[in-house]
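Structural overview
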Amino acid sequence: MEIQGLQRLTLLDYPGKLACAVFTRGCNLRCPFCHNASLVLPHQFQTPEISLEDFFQFLSKRQGILDGICISGGEALLQPGIEDFIRRIRDMGFLVKLDTNGAFPERLRKLSEEGCLDYVAMDIKNSLEKYGQTVGISNFSTSAIEESVDFLLSGTQPFEFRTTVISEFHNAETFFQIGEWIRGDEHYYLQQFVDSGNLVGKFHLHPVDARGMSLFKEIVSAYVPNVELRGIQDITSKEGDALCTKSSNATENLSISISKKFAEQY
Ligand code: SF4
């Protein structure tokens, strides 16, 4: 178990909790929009920011101050020793939130069934049809992802699903399909994409503007009523007129697509 990075305080990563966030390195996926290239691409790996023992010393000084720890990646479930790491944190009285891409359902299930996870945030990258393209792996099998989704939807583990929305990968149709797939009363967050400048992929990708995000939310809410938007910014002021035009076009296409869908239904 190696901790690549440590954020000593976060108010955002663990809903409603005062937490710190640890970032593990290595991931089995290659999402082109991933903003953590230095945690995913081996040639960008750096010296771990903190040793395990120093981390636990840090935690011992935060007892009674922090509520919990958010364990993120990369993909944290790839780490050998993740189970012992989590148990040790919980033994110190902290809550544990795990961020996962859902590719390791057995490890997720085991930790959950042992009562080691207080909260899970699982990525839903796209509709099943577009999954491989969205995670940067051709011929990607979605069976493990589907197993994790089924496990979370059918069990008692507190969790959320979340999707980072990218203009090049998502449209109205994908959100109809995602909604059908993850239908339920769980919390589902649509997050606006932000280009960190150090993405895993080499393409220039774009966020969807606020109007498009709201339309996607409306579509999904027919299947998952507890859907919310996260991190919505006025991207037209940041990205300029070209993006504004692009996003507006995307939204127009969305409206057409939604109208078509309604037209099909009625
Ligand atoms: S966004 Fe994709 S590539 Fe990046 S850490 Fe998450 S699953 Fe891995």
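Residues numbered from 1 in each chain as written. Predicted model: local features only at pLDDT ≥ 70, side-chain atom pairs only at ≥ 80, totals over all residues.

Considerations on the overall build of the protein
- Of the regular secondary structure elements, the protein holds ten helices and eight strands.
- Considering the protein as a whole, with its 266 residues, one finds that 35% of them fall into the buried category.
- Across the protein, every contact between residues at least 6 apart in sequence was considered, and the portion connecting residues at least 24 apart equals 76%. (Helix = DSSP H or I, 4+ residues; strand = E, 2+ residues; numbered from the N terminus. Buried ≥ 20, exposed ≤ 12 C-beta atoms within 10 Å, placed from the backbone. Contact = placed C-beta atoms within 7 Å.)

What to know about the confidence of the model for the protein
- Here the protein shows a mean pLDDT of 90. Residues at 70 or above account for 88%.
- Confidence drops under a pLDDT of 50 for residues 237-266, and excluding neighbours within four residues, the segment shows 30 contacts in the predicted structure. (pLDDT = per-residue confidence, 0-100.)

Section: helix 7 (residues 172-182)
- Of the residues making up helix 7, those classed as buried are Ala172, Thr174, Phe175, Ile178 and Ile182. The arc that holds every buried residue of helix 7, seen down its axis, measures 150°, which confines them to one face. (Arc of directions from axis to C-beta.)

Description of the site of the ligand
- All residues in the neighbourhood of the ligand are listed as Cys27, Leu29, Arg30, Cys31, Cys34, Asn36, Val40, Gly73, Gly74, Glu75, Asn101 and Val200.
- Taken together, the residues of the shell around the ligand break down into six nonpolar, four polar and two charged. (Near = placed C-beta within 6 Å. Nonpolar A, V, L, I, M, F, W, Y, C, P; charged D, E, K, R; others polar.)

Comments concerning the pairing of strand 3 (residues 68-72)
- The element strand 3 is largely enclosed, with a buried count of five among its five residues.
- Residues Gly68, Cys70 and Ser72 line one face of strand 3 and the alternating positions Ile69 and Ile71 line the opposite face, and both faces are buried.
- Two strands pair when backbone bridges link them, and strand 2 (residues 19-23) and strand 3 are joined in this way by five bridges, in the parallel orientation. Counted as the bridge partner of Ala19 is Gly68 from strand 3.
- Examined bridge by bridge, strand 3 and strand 4 (residues 95-100) share four bridges and lie parallel to one another. Directly across from Cys70, in strand 4, lies its bridge partner Lys97. (Pairing = 2+ DSSP bridges.)

Overview of the nonpolar core
- Counting residues in hydrophobic clusters, the biggest one holds 58 residues, and the most contacted among them are Ala19, Ile69, Ile71, Val96, Val165, Phe216 and Val220.
- When sequence neighbours within four positions are dropped, the list of residues in contact with Ala19 reads Thr10, Asp13, Tyr14, Leu66, Asp67, Gly68, Ile69 and Cys70. (Core = buried A, V, L, I, M, F, W, Y, C linked by C-beta atoms within 7 Å.)

Regarding unusual backbone geometry
- The step from Gly73 to Gly74 runs through a cis peptide bond, and the omega angle for that step is 10°.
- Inspection of the secondary structure puts Gly74 in the loop between strand 3 and helix 3 (82-91).
- Positive phi, close to 60°, is recorded for Asn139, a residue that is not glycine.
- Here Asn139 lies in the loop between helix 5 (131-134) and helix 6 (143-154).

A word on the sheet that holds strand 7 (residues 187-192)
- Strand order in the open sheet formed by eight strands is 1-2-3-4-5-6-7-8, with mixed pairing between adjacent strands. Since the sheet does not close on itself, it has two edges, and those belong to strand 1 (5-10) and strand 8 (227-230), each with one partner. In this sheet, neighbouring strand axes are inclined to one another by 20° on average, regardless of whether the strands run parallel or antiparallel. (Axes fitted to C-alpha atoms, helices over the stretch in contact; angles between N-to-C directions.)

Some thoughts on helix 3
- Inspection of helix 3 places Phe85, Ile86 and Ile89 among the buried residues, and these make up the whole buried set. Angular distribution of buried residues about the axis of helix 3 spans 95°; they occupy a single face of the element. Turned more than 90 degrees from where helix 3 packs its buried face, Asp84 and Asp91 sit exposed.
- The inward-facing, buried residues of helix 3 contact helix 2 (52-60), strand 3, strand 4 and helix 4 (105-113).
- Immediately beyond the C-terminal end of helix 3, within one or two residues, lies Gly93, with a positive phi of roughly 95°.

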